[in-house]
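Listed here are the chains, written in short residue letters.
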Number of protein chains: 2
Amino acid sequence: MTSTSTPRLVREQGVTAPEGFRATGIAAGIKASGAPDLALVFNEGPDHGAAAVFTRNKVKAAPVLWTQQMIKTGRARAVLLNSGGANACTGPGGFQDTHATAEALAAALSQWGTETGAIEVAVCSTGLIGDRLPMDKVLAGVEAIVHEMAGGLTGGAEAAAAIMTTDNVPKQVALHHEGNWTVGGMAKGAGMLAPSLATMLCVITTDAVANAAALDQALRHATGQTFDRLDIDGSCSTNDTVLLLASGASEIAPSQADLDAAVLAVCNDLCAQLQADAEGVTKRVAVTVTGAATEDDAVVAARTIARDSLVKTALFGSDPNWGRVLAAVGMAPVDLDPDRINVLFNGSPVCVNGTGAPGARDVDLSGSDITVVVELGVGSADATIRTTDLSHAYVEENSAYSS
Amino acid sequence: MTSTSTPRLVREQGVTAPEGFRATGIAAGIKASGAPDLALVFNEGPDHGAAAVFTRNKVKAAPVLWTQQMIKTGRARAVLLNSGGANACTGPGGFQDTHATAEALAAALSQWGTETGAIEVAVCSTGLIGDRLPMDKVLAGVEAIVHEMAGGLTGGAEAAAAIMTTDNVPKQVALHHEGNWTVGGMAKGAGMLAPSLATMLCVITTDAVANAAALDQALRHATGQTFDRLDIDGSCSTNDTVLLLASGASEIAPSQADLDAAVLAVCNDLCAQLQADAEGVTKRVAVTVTGAATEDDAVVAARTIARDSLVKTALFGSDPNWGRVLAAVGMAPVDLDPDRINVLFNGSPVCVNGTGAPGARDVDLSGSDITVVVELGVGSADATIRTTDLSHAYVEENSAYSS
């Protein structure tokens, strides 16, 4: 960091914390419950640089296909997000719906006073896969939301609330570099990888001056270290999208290193908020693999453990069943020697050189935060995957989602 | 099949159904509950050909390391199996325990009247990973069990009961070729792959005349089609072992095709029994992928769907949430075109060309058997993975296994 003051992280603020952004969320009637379901983030400029990362799922929702195309320009003037429906597996008609939504928002923004083309509008959707969106409600909502959007902190908070699905709380955060420039963000979601949960959406804004290439580098670096390493249930969504928009309104051009660090800090905090509110979570679990031959090996090994249903159910039961960690890591396609593996639960050695340590069955895992450290001892690379336990509430929540 | 009569499958019989085998199970005190925990299968000959397949986990239990070595001779005179402890992750001491167990059984069999070397004794263990076995009890049990073993059907049933861990019922089956030759088998386990569950053990016997190479071919063919395609929770055990022993006592030498078919039929039936008694099962689910580019692609795609926690919880809830099947298969590293995928639940189309079909949300999944068919439409290969739902009972059973 080359900044003169220490950045300040504030969770009460989100995408409208940086200068040059307006946002809001409204209830457009997409959700049967009448809860807020349509959000808008608008970049007033003067700059409109943007970058994005998307789900790696081969089955991609219509808004992902659309936004992947428009973001190639390196520009975005607005992001429209809806909850209440993923618009995934909806065929050509679903894609037309997304396109029509972008066109409608562009027209509404133009009428409102900012000449906008559909190609400047990113679209994100989240909710049940497989149903068409109620386009009459979406289009009426688009018309209305442009008149509701506001600067200040309220707009960002409203947007964060309108993208929630199974989330219990909205997630937003802002990182202020005193008197200088700011990065803000909001996210929703409950399980993910790559960045690809079920379903994860995230919009990050900054008033820094940064071109699309700089934004792209900062975003890929940050998501690789954060959202890519949060794995709630191993399932990968059709809709995951993380967008980064820069207004340049601060007139400050941070170094790439400072921009990278700021975007990473915001993603990291949003990631922790997603983990803490994951479906059915009773334990926040960090699985760290050290001594791997490569960082990729460390990520793969940690992810294999973090996804193992037997490990996750044991942690739900506060059961220090370390043998399941060995059994899980033994299936990871990485270099390892079973006779050199050490395992620590909450810092206490439970397995040394592949064999149980004295007192291993007595380690206390009753708290809500659990660390699992696996030392492979074959190299010097390490990585951490954040996950949760597999609980009754997870099963309950996911056993009747569409019905 | 070149046999003259149709083989007859009988579930009340197991490893002692073929001529030339004795077996039994006793309570040796390894389990604190006092339940049966030590089983012996003894091949009286005249032949002693044998073959085996093992877990692919890099972390292998001591008895797996032992049996992998002794089976290289292509011969086995006896199999000793214990429940109540996996003897995995127990270091060099654990391996010495397995070796001492084989030595003790060889000595006891020699004293009993059959000259036996330790190298002719296969050893299998199942239970909690990480604890040493109570060797005083194991060795006393070995001494006793030799005197208890019996021919007839009772011995096989006792052996099948003594290898149970979380199993609710023993699993055994015999396939009789009338007046000719017989294949029998027993198994225990609750989740698996490759063959590798948590924990799966299986012993198959036959009185056919067959050398080790023929047995190895029959066993690999059969397990590749059955145990390798049963996937309860994606977790792979440190102890999985499937053994095939031939006594030659029938003096019938079936063709390789007949032997393959018979071993396949026995493995297939045991597989169905394992699925039906899997931990927490409320639904038996068959996931079939058709139209894949290769059979490997079909297996990988079906396995990816079968392991997906969101698919499995939806099926637990009888929720026809087909979008989750699309999201899961979209992550499989196989050739596919999202716009050509069809999905059928219990035979009813729920997704056609990647888009929801009319009535998809109304398909009845309330029964205990569910079929999921995914047509990729890119080739002509297919495969089926058997799995179960992810239920409250699964979470409950696995949240306090070691404590």
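Residues numbered from 1 in each chain as written. Chains lettered and ligands numbered in written order. Predicted model: local features only at pLDDT ≥ 70, side-chain atom pairs only at ≥ 80, totals over all residues. Heavy atoms only, no water.

Within chain A, the regular secondary structure consists of 10 helices and 16 strands. Relative to its length of 403 residues, chain A is compact, with a C-alpha radius of gyration of 22 Å against a globular reference of 22 Å. With the C-alpha coordinates of chain A rotated into their principal frame, the extents come out at 70 × 55 × 30 Å. For chain A, with 403 residues in total, the buried portion stands at 62%. Across chain A, contacts joining residues at least 24 apart in sequence account for 80% of those joining residues at least 6 apart. In the form shown here, chain A has an accessible surface area of approximately 13,000 Å², with 50% of it arising from carbon and sulfur atoms. A distance of 4 Å separates the average location of the 25 positive side-chain charges in chain A from that of its 44 negative side-chain charges. (Helix = DSSP H or I, 4+ residues; strand = E, 2+ residues; numbered from the N terminus. Rg over C-alpha atoms; globule rule 2.2 N^0.38 Å. Buried < 20%, exposed > 50% of the residue type's maximum accessible area, 1.4 Å probe, protein only. Contact = heavy atoms within 4.5 Å. Areas by Shrake-Rupley, 256 points an atom, 1.4 Å probe, with all protein chains shown as cover. Lys, Arg positive; Asp, Glu negative; His and termini not counted. Charge placed at Lys NZ, Arg CZ, Asp CG, Glu CD.)

Right, let's get into the packing of helix α7 (residues 295-307) of chain A against helix α9 (residues 322-329) of chain A. Packed helix pairs are characterised by how far apart their axes lie and by the angle those axes make with each other. Residue and element names in this part refer to chain A. Two elements in contact, α7 and α9, have axes whose closest approach is 9 Å; the angle formed by their N-to-C orientations is 130°. On the basis of their axis angle, the class for α7 and α9 is oblique. α7 and α9 meet at a crossing whose hand is right-handed. Of α9, the residues touching α7 (which contributes A301, T304 and I305) are V325, A328 and V329. In the contact of α7 with α9, the residues fall into five nonpolar, one polar and no charged. (Axes fitted to C-alpha atoms, helices over the stretch in contact; angles between N-to-C directions. Parallel < 35°, antiparallel > 145°, perpendicular 65-115°, else oblique. Left-handed = near helix turned anticlockwise from the far one by under 90°. Nonpolar A, V, L, I, M, F, W, Y, C, P; charged D, E, K, R; others polar.)

All names here are of chain A. The buried fraction of strand β16 (residues 381-388) is high, at six of eight residues. Alignment of strand β11 (residues 284-292) against β16, held across seven bridges, turns out to be antiparallel. Across the sheet, V285 pairs through a bridge with T387, a residue of β16. (Pairing = 2+ DSSP bridges.)

The interface is formed by 56 residues belonging to chain B together with 56 residues belonging to chain A. Together chain B and chain A conceal approximately 4,200 Å² of surface at their shared face, both sides included; 57% is due to carbon and sulfur atoms. One can count two salt bridges joining chain B with chain A. Salt-bridge contacts for D131 of chain B lead to R361 of chain A; the nearest nitrogen and oxygen are separated by 3.1 Å. Connecting chain B to chain A are 15 residue pairs in polar contact (both at pLDDT 80 or more). Secondary-structure elements contributing two or more residues to the side of chain B that touches chain A are α8 (309-316), α9 (322-329), β14 (355-356) and α10 (392-398) of chain B. Class assignment of the residues belonging to the side of chain B that touches chain A gives a composition of 25 nonpolar, 21 polar and 10 charged. (Buried area = accessible area lost by both parts, 1.4 Å probe. Salt bridge = Lys/Arg side-chain N within 4 Å of Asp/Glu carboxyl O. Polar contact = N/O pair within 3.5 Å; in protein donor to acceptor, adjacent residues only side chain to side chain.)

After a rotation of 180° and a shift along the axis of 0.0 Å, chain B superposes on chain A with an RMSD of 0.0 Å. Such values leave the two copies arranged in the relation of a two-fold axis. When C-alpha distances to the rotation axis are compared across chain B, the minimum falls at H392 of chain B, with a value of 2.8 Å. Interface overlap between copies is the fraction of interface residues in one copy that are interface residues in the other; for chain B against chain A it reaches 100%, indicating a shared surface. (Least-squares fit on C-alpha atoms with pLDDT ≥ 70 in both.)

Attention now moves to the sheet that holds strand β7 (residues 171-176) of chain B. Residues and elements named next belong to chain B. Read across the open sheet, the six strands follow the order β1-β7-β8-β9-β10-β4; overall the sheet is mixed. Either end of the sheet is taken by a strand with one partner, and the two such strands are β1 (8-10) and β4 (49-54). The average undirected angle you get between the axes of adjacent strands in this sheet is 15°. By the bridge criterion, six bridges tie β7 to strand β8 (residues 182-188) in an arrangement that is antiparallel.

Now for the layout of surface pockets. Looking at the largest pocket, its volume works out to about 1,400 Å³. Surrounding the largest pocket, 45 residues form its lining, G234, T304 and R307 of chain A together with T304 and R307 of chain B being those nearest its centre. At the level of secondary structure, the elements contributing two or more residues to the lining of the largest pocket comprise α7 and α8 (309-316) of chain A together with α7 (295-307) and α9 of chain B. If one sorts the elements of the lining of the largest pocket by residue count, α7 of chain A sits on top with six residues. (1 Å grid on protein atoms, 1.4 Å probe; cavity = no way out; pocket = protein on both sides within 12 Å on 5 of 7 lines; lining within 4 Å. Points joined across faces, edges and corners; volume = space filled by probe spheres on them.)

Now for the sheet that holds strand β2 (residues 21-26) of chain B. Residue and element names in this part refer to chain B. In space, the four strands of this open sheet follow the order β2-β3-β5-β6, with mixed pairing throughout. Among the strands making up the open sheet, the edge pair consists of β2 and β6 (121-125). Within this sheet the neighbouring strands show an average axis-to-axis angle of 10°, counted without direction. Alignment of β2 against strand β3 (residues 38-43), held across six bridges, turns out to be antiparallel. The residue bridging F21 from the neighbouring strand is N43, located in β3. Sitting on the sheet, helix α4 (residues 152-162) touches β2 and β3, and the angle it makes with β2 is about 45°.

This paragraph deals with the domain arrangement of chain A. Interface size is commonly expressed as the accessible surface area that is lost when the partners come together. Residues and elements named next belong to chain A. Examined at the domain level, chain A breaks down into domain 1 (8-276) and domain 2 (284-398). Computed from C-alpha atoms alone, the centre-to-centre distance between domain 1 and domain 2 is 33 Å. There are three salt bridges connecting domain 1 and domain 2. Two residues, D231 and R303, come together in a salt bridge whose shortest N-O distance is 3.0 Å. Between domain 1 and domain 2 we count 10 residue pairs in polar contact (both at pLDDT 80 or more) in total. The element best represented in the side of domain 1 that touches domain 2 is helix α6 (residues 256-276), accounting for five residues. For the side of domain 1 that touches domain 2, a count of residues per class yields six nonpolar, six polar and four charged. (Domains from an automatic or database assignment.)

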